[in-house]
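Below, each chain spelled out in residue letters.
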Amino acid sequence: MEARQRIARLTAHLNPPNPQGNPMLEQINCRAKGGSPGFKVAILGAAGGIGQPLAMLMKMNPLVSVLHLYDVVNAPGVTADISHMDTGAVVRGFLGAPQLEAALTGMELVIIPAGVPRKPGMTRDDLFKINAGIVKTLCEGVAKCCPNAIVNLISNPVNSTVPIAAEVFKKAGTYDPKKLLGVTMLDVVRANTFVAEVLGLDPRDVDVPVVGGHAGVTILPLLSQVKPPCSFTPEETEYLTKRIQDGGTEVVQAKAGAGSATLSMAYAAVKFADACLRGLRGDAGVVECAFVASQVTELPFFATKVRLGRTGAEEVYQLGPLNEYERAGLEEAKQELAVSIEKGVSFIKK
Ligand SMILES: NC(=O)C1=CN([C@@H]2O[C@H](COP(=O)(O)OP(=O)(O)OC[C@H]3O[C@@H](n4cnc5c(N)ncnc54)[C@H](O)[C@@H]3O)[C@@H](O)[C@H]2O)C=CC1
Ligand SMILES: O=C([O-])CC(=O)C(=O)O
């Protein structure tokens, strides 16, 4: 190809947008040919507080070959910005409902942080009214355009949005329980950090299972199962359990009306997405906590450790031995979870 033609193609996206097409796609079509091997990942809500750092970190992930950034606002700007990073993944931007299907077609992993965040004084359940409809619409798109993709659902209230997604997929006839994962990784990240502080250890050397769900008392850290093995006084147990359960509220209050956790969440989301991609690649022994369809308790969904493989959450682990404090916490968690799950299911079934 002549140099002039090559330059014209590479700068196509800088020309005034063509109303018939997507100027960003033209830009990418010429770059995609040089793309590295890896997985195709979409982020829905990519221009948000979580979405932007998440997009940046996924662009840095060597397991990603194509990164689709979808939002109802600002997707072109975020895409232009991220696409200048000299890493392997090819980035494409998609703006608004008419481009949702193009954003999703061919995707192998879809990460969803779309929706409104909390302000001080709100519970995660207060977000249901707005976020339930957003998650429904986006999951209908997933069912239509990439029914085999693994879905990492971040939008709150996770305890209800995961059941909503499941019902949408069931209705569409595409539901595979192994492929729908509610992201509770931030609870584990916080638990590792706070426990490490108390023990005087490096957080990277600490592993705390956090089970149940992702709101208040449904977040149940299993401090009796911390690795490396250790013990806590009743005061330490009480302090750590409450701090982990209230970690989100701690950030919401500190941000004082400017939103909830975004940077630590993007870090946690990438840690979890990377585990899903390593599972998809066929790596052995990839185990993380997630809120999934489960038979561990009498509830249809529950967060525990799961083994991630080529087809998603291939094994859901049992709770293991609990102490008395944790058994009481489990009962409380299940009561609240049952209500949140039912609320999600009936939102679609009503
Ligand atoms: N699972 C977890 O551990 C956590 C979940 N969250 C939740 O993540 C969600 C997002 O939080 P932030 O990024 O801070 O909010 P944000 O308001 O900064 O960003 C949300 C983004 O979603 C976009 N959006 C809204 N409707 C959309 C639609 N129909 N399709 C695509 N995009 C749409 C918005 O335009 C915005 O860019 C909230 O629901 C929040 O509660 C936040 C932290 C932790
Ligand atoms: O607390 C919130 O609203 C956001 C969230 O889920 C978290 O930070 O764990």
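Residues numbered from 1 in each chain as written. Chains lettered and ligands numbered in written order. Predicted model: local features only at pLDDT ≥ 70, side-chain atom pairs only at ≥ 80, totals over all residues. Heavy atoms only, no water.

As annotated in an unreviewed UniProt entry, the protein carries the name Malate dehydrogenase and comes from Oldenlandia corymbosa var. corymbosa. In its Sequence similarities (unreviewed entry) section, UniProt records this for the protein: "Belongs to the LDH/MDH superfamily. MDH type 1 family." Per UniProt, the protein has the following entry under Subunit (unreviewed entry): "Homodimer." (UniProt positions renumbered as here; feature names shortened; annotations may be inferred.)

A. Fine view of the site of ligand 2. Contacts to ligand 2 come from Arg118, Arg124, Asn156, Leu186, Arg190, His214, Gly248, Ser260 and Ala261. In this structure, asparagine 156 approaches ligand 2 through a side-chain N or O atom, which is 2.8 Å from an oxygen atom. In isolation ligand 2 exposes 260 Å². Once the protein is present, 95% of that is buried. Classifying every residue of the shell around ligand 2 gives 2 nonpolar, 4 polar and 3 charged. (Near = heavy atom within 4 Å. Polar contact = N/O pair within 3.5 Å; in protein donor to acceptor, adjacent residues only side chain to side chain. Areas by Shrake-Rupley, 256 points an atom, 1.4 Å probe, with all protein chains shown as cover. Nonpolar A, V, L, I, M, F, W, Y, C, P; charged D, E, K, R; others polar.)

B. View of the packing of helix α3 (residues 51-59) against helix α11 (residues 263-281). Where α3 meets α11, the closest approach of the two axes is 8 Å, and the angle between their N-to-C directions is 40 degrees. One element, α3, and the other, α11, form an angle in the oblique class. Between α3 and α11 the crossing geometry is right-handed. Touching Pro53, Leu54, Leu57 and Met58 of α3 are Leu263, Ala266, Tyr267, Ala269, Val270, Ala273 and Leu277, all from α11. (Axes fitted to C-alpha atoms, helices over the stretch in contact; angles between N-to-C directions. Helix = DSSP H or I, 4+ residues; strand = E, 2+ residues; numbered from the N terminus. Parallel < 35°, antiparallel > 145°, perpendicular 65-115°, else oblique. Left-handed = near helix turned anticlockwise from the far one by under 90°. Contact = heavy atoms within 4.5 Å.)

C. Representation of the pattern of salt bridges. Going through the model one piece at a time under the given rule, you end up with 16 salt bridges. For glutamate 101, the salt bridge identified is with lysine 144, shortest N-O distance 2.7 Å. Of this pair, glutamate 101 sits in helix α5 (residues 100-104) while lysine 144 sits in helix α6 (residues 128-145), placing them 43 residues apart in sequence. Given the relative accessible area of 60%, lysine 144 is considered exposed. With its nearest N and O atoms 3.5 Å apart, the salt bridge here joins arginine 243 to glutamate 197. Placement of arginine 243 in helix α9 (residues 234-245) and of glutamate 197 in helix α8 (residues 185-199) is noted, with a sequence separation of 46 residues between them. Taken together, the shared-partner salt bridges in this structure form one network comprising Glu197, Arg243 and Glu250. (Salt bridge = Lys/Arg side-chain N within 4 Å of Asp/Glu carboxyl O. Buried < 20%, exposed > 50% of the residue type's maximum accessible area, 1.4 Å probe, protein only.)

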